[in-house]
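Residue-level listing of the chains:
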Amino acid sequence: MTENVPLAEAPTSEGMGIGARVILVLAALTVIEYLIAVAKPPGQIGMIFVIALSKAVLIVIYFMHVRQIWRGNHA
Amino acid sequence: MTTASDVRHEENESTSSRLAINRLGMWLFILSESMLFGGLLMVRFSILGTFTHEELSQITGLIITAILLLSSFTAYRAERSMGSGDVANTKRYLMYTLGLGAIFTAGVAFEWYEALGVFPPSTPFGSVFFTMTGLHAFHVIGGLVIIAIVYGRVRRNDFTSSDPWPVEASVKYWHFVDVVWVFFYPALYLIS
């Protein structure tokens with residue numbers, strides 16, 4: 001009989017806090033994106049693209065744990 | 001002489017190595033899917049430039065985007081709960097994810113219903129809009145089916161914290177669907 005060794009990162013309070021912070025930042029960026037689209041300032045396409053890219057990077061790093069590929073379970 | 005401790009160590013190493021291979025395979029799958037959605041984004045800009053239809057409901061777009069982002073958070077919590085062996089919370093958050101995903105799909109269906117009368121698929125904007133949202137919605141529905149299957153198996157205690165891969169894989173796929181929408185939402189609704 002083998003022991004159950006958790007392979008994924010345990011949900012420490014820090015881990016939960018990171019998830020909550022990331023979703024708040026994503027929400028804020030989405031609102032900013034929307035306001036830019038409504039206000040239509042010069043260069044809005046570039047701004048919206050940078051915000052979309054930032055949101056994607058946040059999801060890939062913090063929610064999808066892309067760093068696990070090269071750092072194992074410690075990412 | 002091989003001790004019980006050595007056997008356990010070897011088994012853990014083998015499981016870790018299998019998990020690493022699974023993760024790499026999942027990322028390669030996600031990369032190949034990204035090509036498809038990236039191509040669609042290119043098509044959107046090459047056919048329409050920066051044109052966006054004024055009749056497109058900005059509020060609906062914003063609401064369904066918020067719902068999908070929130071579902072990514074609940075999926076993240078489900079994965080974390082599974083990692084610590086908290087089956088009750090894993091089930092709860094997977095159920096939230098399913099519910100939010102279903103609301104997102106209903107929102108897209110409502111958008112389609114509204115859009116069909118304004119810019120049908122036979123128009124340039126309509127063809128781009130229905131293709132992009134349709135293909136994305138198809139992936140969302142696929143993700144919902146996968147998460148529902150995983151949810152059913154978590155309920156039956158088929159997975160443990162030592163084998164979190166099925167939950168992790170379904171959640172990773174769900175996040176990918178969210179990332180695609182992060183680009184599709186501004187490309188269809190905001191840029192003009």
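Residues numbered from 1 in each chain as written. Chains lettered and ligands numbered in written order. Predicted model: local features only at pLDDT ≥ 70, side-chain atom pairs only at ≥ 80, totals over all residues.

Would you take a moment to explain the environment of B:Leu69 for this structure?
Assignment of secondary structure puts B:Leu69 in helix α2 (residues 58-83). B:Leu69 sits 106 residues away from B:His175 along the chain, and the two C-alpha atoms are 8.8 Å apart. Setting aside its immediate chain neighbours within four residues, B:Leu69 contacts A:Ile23, A:Leu26, A:Ala27, A:Thr30 and B:Asp178. (Helix = DSSP H or I, 4+ residues; strand = E, 2+ residues; numbered from the N terminus. Contact = placed C-beta atoms within 7 Å.)

So what exactly am I meant to see when it comes to unusual backbone geometry here?
Positioned with a positive phi, A:Lys40 is a non-glycine residue whose angle comes to about 50°. Tracing the backbone through its elements, the reader meets A:Lys40 in the loop between α1 (13-39) and α2 (44-63). Its identity is not glycine, yet B:Asn157 carries a phi of approximately 60°, on the positive side. If you trace the backbone, B:Asn157 turns up in the loop between α4 (124-155) and α5 (165-190).

Just checking my understanding: could you explain the environment of B:Glu114 for this structure?
Residues and elements named next belong to chain B. Its location among the elements puts Glu-114 in helix α3 (residues 87-118). A tally of 13 C-beta atoms within 10 Å means that Glu-114 is categorised as partly exposed. Note: C-alpha distance between Glu-114 and Glu-55 (59 residues apart in sequence) is 9.4 Å. (Buried ≥ 20, exposed ≤ 12 C-beta atoms within 10 Å, placed from the backbone.)

For this particular structure, what's the right way to read α2(B)?
Spacing of three or four residues puts side chains on the same side of an α-helix, whose turn is 3.6 residues. The end-to-end C-alpha separation of α2(B) is 38 Å, in line with the 38 Å expected for 26 residues at 1.5 Å each. Of the residues trailing α2(B), B:Gly85 is marked for its positive phi of about 80°. (Expected span 1.5 Å × (residues − 1).)

Looking at this model, I keep getting lost on the packing of α3(B) against α4(B). Mind explaining?
The description of two helices packed together rests on the angle between their axes and the distance between the axes. Residue and element names in this part refer to chain B. Following both chains from N to C, one finds α3 and α4 inclined at 155°, their axes separated by 9 Å at the closest point. In terms of their interaxial angle, α3 and α4 are classed as roughly antiparallel. α3 and α4 meet at a crossing whose hand is left-handed. Residues that form the contact of α3 with α4 fall into these classes: 18 nonpolar, six polar and two charged. (Axes fitted to C-alpha atoms, helices over the stretch in contact; angles between N-to-C directions. Parallel < 35°, antiparallel > 145°, perpendicular 65-115°, else oblique. Left-handed = near helix turned anticlockwise from the far one by under 90°. Nonpolar A, V, L, I, M, F, W, Y, C, P; charged D, E, K, R; others polar.)

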